[in-house]
Amino acid sequence: MPDRHASTAPLFQTLEPDFNPKRVSVLLPLPLDGAYDYLVPEEMDAVPGAIVQVPLGRREVVGVVWDNAEVAAKSPDGPLPEARLKPVTARFPVAPLTEVARRFIEWVAQYCVTGPGLVLRMALSSSQAFEAPTPQTVYGLAEDTPPEDGGLRMTAARQRVLAALAEGPARGLSDLAREAGVSTSVIKGLIQAGLVVQYRVVPRVRLSPPDVSLPGPAFSDDQRVAVETLREKAAASAFSVTLLDGVTGSGKTEVYFEAMATALKKGRQVLVLLPEIALSAQWLERFRDRFGVTPATWHSDMTSKQRRLIWRAVSEGEARVVVGARSALFLPYPELGLIVIDEEQDTSYKQEDGVTYHARDMAVVRARLGQIPVILASATPALETIANVAAGRYDEVRLPARFGAARMPGVQVIDMRRHPPPRRPGVTGSAAQSWLSEPLRAAVTETLAAGEQVLLFLNRRGYAPLTLCRTCGHRLQCPNCTAWLVEHRLAGRLQCHHCGFTSVLPKTCPECGDTESLAACGPGIERLSEEVTWLFPEARQAVMASDTLHGPLAAAEMVRAVQDHEIDILIGTQIVAKGHHFPKLTLVGIVDGDLGLSGGDLRGSERSYQ
């Protein structure tokens, strides 16, 4: 981490003391040079941070009133006269962005060498949230029941409607009819009788506050030391970065839950960043067990309605805990008091599209500007984090042992030169190759016989990483970046994992024109699945990779299937190594374990270790 994270000097000089309410700078979430000047009508209160609507050319755009001359668009002729300025059209009925949020946007833009408008776009990621919500009509039970039930004969259908309303909140007409299994005419009859009434309500996300009074688990001696340290950090309301370094199964999540409880007791919001929010079902379940409610979640697979409701709930301070992917860092928190980065070493925190930034590093900056603590949790910390601990910039608490009587697993290294996998009988060519050694096959057989589960890990998607012509040696490569094209046999295509180029597998060699000469070289998880089907035909297997799981629901269903022992052999890439708890999974086979050590990745050895 650069030393500038710890700097106490202001990054920019603000203009709040001399703020002119008649003329304001408005930063737009667009790739422009900077903020533009507008005039504010007398009846409008356009304070710094206010989200407003302004004209830009022939269209109306959303922007934020800015208070910093450094981000204002520079004109060679100096400031425009007020006679040439356009007026602010409207101010949206939402809370203004805080000064910390504005300084954070400026810092990220400067550090990442990008326009502040592009960073602002990430903070204003749900434009529909700015408008006042449209009231909706819902139906509920009448407080005063008419005598003799309004003169209606109480049929079974009408009783189902009243029972549904008695057990839950008021809801829309179609939702109520569907839940009760009746037509809308039945509900309208109950309305005429005065048993059901309609309301106009503003739609809001229902977020119950976490119950911090619920007792936590019993902690070991090492855990108690870590808990007390993190509680002190969370209660101090001062900037600090603490590495929670604990081996797998040491209880890191339960430990930092206590720091979250402390921050919540102080009336502050908490942000938890997870590397794969789509695979967070078990984390959310543990949170519900500890605090009795489900937190707000934020990720790319949310619908526009969900994003609108969550964005507004965060802005109004109703969402006390937010769990999300890296983009959740830019939500408009008015009372943020703690940031937790789980699996802080994970490469998913780095964004390479649009604004290039690392969420872990920017979280440290956000905490420094807001004077709040950060917790970095990991079993295999990143080298930068280890270096910052060694230099004294970060504090550290360690959990060196698993909780309770659990022990670390035994590890056996298999030299494939001494135990080469036997070729498949009755098959010729590259299809006869196999990739599971005899010791691993025997271990899988023994584990399945004991009624337990197996994970085969290979960090390589698709069927084969390379396709060669046996006649001329030509390799199929990407026309854009010359990387090898990976065969995805299930999808029937070749794909470049660097730039995204796809094509169909040719029937002849593009170089020599020979037919039936293209051979798949090396294993991918699809090829591994093919071998497992051949070796263990009775075993129930599933493939878990980023291109086989489409969204959080599919990922949660896969995790549930493994937990419920509906799967005997799970084959997956690094997406399976995200802190899941599978009690019956007692054997892990890492195929091609030194795969990450080759190639041009400067961090290959670090990632292989992690």
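Here the residue index of a chain counts from 1 through its sequence in written order. With pLDDT at 70 or above as the cut-off, local features in this predicted model cover only qualifying residues; side-chain atom pairs require 80 or more to be listed or tallied, and sums for whole chains, interfaces and linings still use all residues. Hydrogen atoms and water are omitted, and side-chain values are computed over all heavy atoms in the structure.

A. Layout of the sheet that holds strand 19 (residues 486-488). Judged by pairing direction, the sheet is antiparallel, and its 3 strands sit side by side in the order 19-20-21 without closing on themselves. Strands at the two margins of the open sheet, each flanked by one partner only, are strand 19 and strand 21 (502-503). Two strands qualify as a pair provided that DSSP identifies no fewer than 2 bridges between them. Secondary structure elements are taken from DSSP: a helix is a run of H or I of four residues or more, a strand is a run of E of two residues or more, and numbering for both begins at the N terminus. Relative to strand 20 (residues 493-495), strand 19 is paired through 3 bridges, and the arrangement is antiparallel. Counted as the bridge partner of Glu 487 is Leu 494 from strand 20.

B. The arrangement of the pairing of strand 11 (residues 321-324) in detail. Any residue under 20% of the maximum accessible area for its type is buried, any over 50% is exposed, and the rest in between are partly exposed; the area is computed with a 1.4 Å probe on protein chains only. Of the two faces of strand 11, both are covered, the one formed by Val 321 and Val 323 as well as the one formed by Val 322 and Gly 324. Looking at chain direction, strand 9 (residues 269-273) and strand 11 are connected through 4 bridges and run parallel. When the bridges of strand 11 are listed, Val 270 appears paired with Val 321. Note: strand 10 (residues 296-298) against strand 11, 3 bridges, orientation parallel. What sits directly across from Thr 297, in strand 11, is Val 323. This β-α-β element, strand 10 to helix 9 (residues 304-315) to strand 11, shows right-handed connectivity. Crossover handedness is defined here as right-handed if the route from the first strand over the helix to the second strand goes clockwise, with the strands pointing away from the viewer.

C. Structural view of the packing of helix 1 (residues 99-111) against helix 10 (residues 359-370). Their axes nearest at 10 Å, the elements helix 1 and helix 10 cross at an angle of 140°. Considered as vectors, helix 1 and helix 10 are oriented oblique to each other. Helix 1 and helix 10 meet at a crossing whose hand is right-handed. Residues Val 100, Arg 103, Phe 104, Trp 107, Val 108 and Tyr 111 of helix 1 lie in contact with helix 10, whose contacting residues are Met 362, Val 365, Arg 366, Leu 369 and Gly 370. Angles run from 0 to 180 degrees between N-to-C directions of axes, and those axes are lines fitted to C-alpha atoms, restricted for helices to the stretch in contact. Between 65 and 115 degrees an angle is taken as roughly perpendicular, under 35 as roughly parallel, over 145 as roughly antiparallel, and anywhere else as oblique. Each helix crossing is assigned a hand: it is left-handed if the near helix lies turned anticlockwise from the far helix by less than a right angle, otherwise right-handed if that turn is clockwise. Contact definition: two residues touch when any of their heavy atoms are within 4.5 Å.

D. Region of interest: the state of the cysteines. Note on terminology: disulfide denotes any pair of cysteine sulfur atoms within 2.5 Å. One pass over the full model with this rule turns up 0 disulfides. This cysteine, Cys 478, is not joined by any disulfide, and Cys 499 carries the nearest cysteine sulfur, 3.5 Å off. We classify Cys 478 as buried; its relative accessible area is 1%. Here Cys 481 stays free of any disulfide, with the sulfur of Cys 496 as its closest cysteine sulfur at 3.4 Å.

E. Summary view of the sheet that holds strand 25 (residues 585-590). Overall, parallel pairing links the 4 strands, which are arranged 23-24-17-25 in an open sheet. Every interior strand has two partners, whereas the edge strands, strand 23 (541-544) and strand 25, have only one. Adjacent strand axes in the sheet meet at a mean angle of 20°, parallel and antiparallel pairs treated alike. The pairing of strand 17 (residues 453-457) with strand 25 spans 5 bridges and is classified as parallel. Residue pairing across strands places Gln 453 opposite Leu 585, the latter belonging to strand 25.

F. Examining the environment of Lys 22 more closely. Structurally, Lys 22 is set in the segment before strand 1 (23-27). Look at Lys 22 and you get partly exposed, because its relative accessible area is 38%. With 494 residues separating them in the primary sequence, Lys 22 and Glu 516 have C-alpha atoms 75 Å apart. Contacts described as polar in this section are N or O atom pairs within 3.5 Å, which, within protein, must combine one atom able to donate a hydrogen with one able to accept it, while residues neighboring in sequence count only if both atoms come from side chains. For Lys 22, the side chain forms a polar contact with the side chain of Glu 42, separated by 3.4 Å.

G. Main features of the confidence of the model for the protein chain. Looking at the protein chain as a whole, its pLDDT mean stands at 86, while 92% of the residues score no less than 70. Across residues 1-19, confidence stays below pLDDT 50; counting only partners more than four residues off in sequence or on other chains, it has 42 contacts. Looking at any residue, its pLDDT shows the predictor's confidence there, from 0 to 100.

H. Fine view of the pattern of salt bridges. Definition used for salt bridges: Asp or Glu carboxyl oxygen within 4 Å of a side-chain nitrogen of Lys or Arg. For the structure on display, the rule yields 31 salt bridges. For the salt bridge of Glu 344 with Arg 360, the shortest nitrogen-to-oxygen distance reads 3.4 Å. You can see Glu 344 sitting in the loop between strand 12 (336-342) and strand 13 (350-351) and its partner Arg 360 sitting in helix 10, a full 16 residues away along the chain. For the residue pair Glu 344 and Arg 360, the accessibility class agrees, reading buried in each case. Taking the shortest distance from any N to any O, the salt bridge between Glu 531 and Arg 441 comes out at 3.3 Å. With Glu 531 in helix 13 (residues 525-535) and Arg 441 in helix 12 (residues 438-449), the pair connects residues that are 90 residues apart, well separated along the chain. Note on Glu 531: relative accessible area 3%, which makes it buried.

I. Structural detail: the packing of aromatic side chains. Two rings from Phe, Tyr or Trp (for Trp, the six-membered ring) form a pair when their centres are within 6.5 Å of each other. A pair whose planes differ by under 30 degrees is stacked, one over 60 is edge-to-face, and the rest are tilted. Going through the model one piece at a time under the given rule, you end up with 11 aromatic pairs. Where Phe 287 meets Phe 291, the ring centres are 4.8 Å apart and the plane angle is 40°; that geometry is what we call tilted. Here the residue Phe 287 and the residue Phe 291 both occupy positions in helix 8 (residues 281-291), the gap between them amounting to 4 residues, near one helical turn. In this structure, Phe 287 and Phe 291 share a single accessibility class: buried. Ring pairs connect the aromatic residues Tyr 256, Phe 257, Trp 283, Phe 287 and Phe 291, which therefore count as one cluster. Its end group placed over the ring of Phe 291, Arg 290 keeps NZ or CZ at 4.8 Å from the ring centre. A ring is scored as having a charge over it whenever the NZ atom of a lysine or the CZ atom of an arginine sits within 6 Å of its centre and within 35 degrees of its normal.

J. Local environment of the packing of helix 1 against helix 2 (residues 116-123). Viewed as axis vectors pointing N to C, helix 1 and helix 2 meet at an angle of 130°, and their least axial separation amounts to 8 Å. The angle between the axes of helix 1 and helix 2 places the two elements in the oblique class. For the element pair helix 1 and helix 2, the recorded crossing hand is right-handed. Each of Ile 105, Val 108 and Ala 109 in helix 1 lies in contact with helix 2, whose residues at this interface are Pro 116, Val 119, Leu 120 and Ala 123. Following the grouping adopted for this structure description, the nonpolar residues are Ala, Val, Leu, Ile, Met, Phe, Trp, Tyr, Cys and Pro, the charged ones are Asp, Glu, Lys and Arg, and the polar ones are all others, Gly among them. Each residue belonging to the contact of helix 1 with helix 2 can be placed in one class, and the counts come to 7 nonpolar, no polar and no charged.

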